Amino acid sequence: MVLTEVTGELIHIFDSARNVAVLTGAGVSAESGVPTFRGGGDATMWSWRGRPVTELSSAEMLATDPTLVWEWFDYRRGLLKELSPNPGHYALAEWEGRFENFALITQNIDDLHRAAGSMNLLELHGNIWRARCLRCSSTFEARESPLEQNPPLCLVCGGPSRPDVVLFGESLPEGVFERAEEAASRADLFFVIGTSAVVYPAASLPIAAKQGGARIIEVNPERTDISILADVTVLGRAGEILPQFVTQRG
Ligand code: BJW
């Protein structure tokens, strides 16, 4: 079913759910001004020095030119530090306390869910404000923007670091996907919000949820690869649709 607003029937499904899991992607941050990876809706897309994101955010680029990778992330951090959460992020933070179990799983590295107040967050692809030591593997917060040195040096051993994010061709951090899969499998309601659902293994989570018996609600201005699996696709912007689940309750 395709809708353009939150109906009474959707509110009823929302209110009766006990185990809720949510997968978000770049689209949930689009209304905050964060570019997306593949466009969609009227979102702007990341671009930098005319190079594709798939090349800049790749394990190959990190191996051949780590300085350039840090410059690309420094540029993005400069944009992100000026931006704030939007009503979609705030609605999700508010949902956290409403259900018996609630898991917010994000592919985003921008930290805006946390800035909105979400606490139980599973970050599948890391966080742009963290660095990881290439020598001792410690992770540490690295919030200076612009960077004082490239690469930032490890706070524990002084070794060079890399952004603590999952680049194309890299594996997800240990344990986080397993926890996300567990939450998806036990969900009775699963939201897929603002993601093109083409990057794996994140895109397999709605499938795990469906196999576990969950209803799937997608929120996106456009249909995606996952729409065929969704019980309902609400065509619209996350920042406009998500607050309706709360404000329209009777
Ligand atoms: C709105 C809106 C509004 C607009 N409101 N919505 C199985 C099958 C096929 C391929 C693979 C597979 N398993 C693994 C792979 C390979 C690869 C992959 O999936 N490739 C595909 C692209 C084909 N996966 C990996 O490499 C992963 N690693 C892995 O699997 O490890 C095991 C392994 C190791 C070695 C070899 C093989 C396997 C890692 C993936 C990591 C992805 N990293 C990135 C970059 C992070 C760092 C950075 O930011 O630079 O993560 S890629 C990029 O895509 C980023 C995102 O998190 C991710 C997903 O994008 P997302 O969020 O969906 O954004 P968009 O732009 O695509 O979509 C935006 C959506 O928003 C659109 O639909 C709009 O319509 C919508 N929208 N405005 C709501 N207002």
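Residues numbered from 1 in each chain as written. Predicted model: local features only at pLDDT ≥ 70, side-chain atom pairs only at ≥ 80, totals over all residues. Heavy atoms only, no water.

Moving on, we get to the domain arrangement of the protein chain. Split into domains, the protein chain comes out as domain 1 (2–34 + 85–125 + 172–247) and domain 2 (43–82 + 132–165). Its C-alpha centre places domain 1 at a distance of 27 Å from the equivalent point of domain 2. With six residues of domain 1 at the interface, the matching set in domain 2 holds eight residues. Where domain 1 abuts domain 2, roughly 500 Å² becomes buried across the two surfaces, and 66% of that area is made up of carbon and sulfur atoms. Together, Val34, Ile109 and His125 form the three largest contributors to the area buried by domain 1 at its contact with domain 2, with a combined 64%. Counting across the interface, domain 1 meets domain 2 through one salt bridge. Residue arginine 143 is joined to aspartate 111 by a salt bridge in which the shortest nitrogen-to-oxygen separation is 2.8 Å. In this structure, the connection of domain 1 to domain 2 is made through one residue pair in polar contact (both at pLDDT 80 or more). In the side of domain 1 that touches domain 2, the residues fall into three nonpolar, one polar and two charged. (Domains from an automatic or database assignment. Contact = heavy atoms within 4.5 Å. Buried area = accessible area lost by both parts, 1.4 Å probe. Salt bridge = Lys/Arg side-chain N within 4 Å of Asp/Glu carboxyl O. Polar contact = N/O pair within 3.5 Å; in protein donor to acceptor, adjacent residues only side chain to side chain. Nonpolar A, V, L, I, M, F, W, Y, C, P; charged D, E, K, R; others polar.)

On to the sheet that holds strand E8 (residues 189–193). The strand order across the open sheet formed by seven strands is E1-E10-E9-E8-E2-E3-E4, and the pairing between neighbours is parallel. The open sheet is flanked by strand E1 (2–3) and strand E4 (121–123), the only strands paired with a single partner. As paired strands, strand E9 (residues 215–220) and strand E10 (residues 232–235) are joined by four bridges and run parallel to one another. Paired with asparagine 220 across the two strands is leucine 235, which belongs to E10. Packing against the sheet, helix H1 (residues 8–16) makes contact with E1, E8, E9 and E10, and its axis sits at approximately 120° to E8. (Pairing = 2+ DSSP bridges. Helix = DSSP H or I, 4+ residues; strand = E, 2+ residues; numbered from the N terminus. Axes fitted to C-alpha atoms, helices over the stretch in contact; angles between N-to-C directions.)

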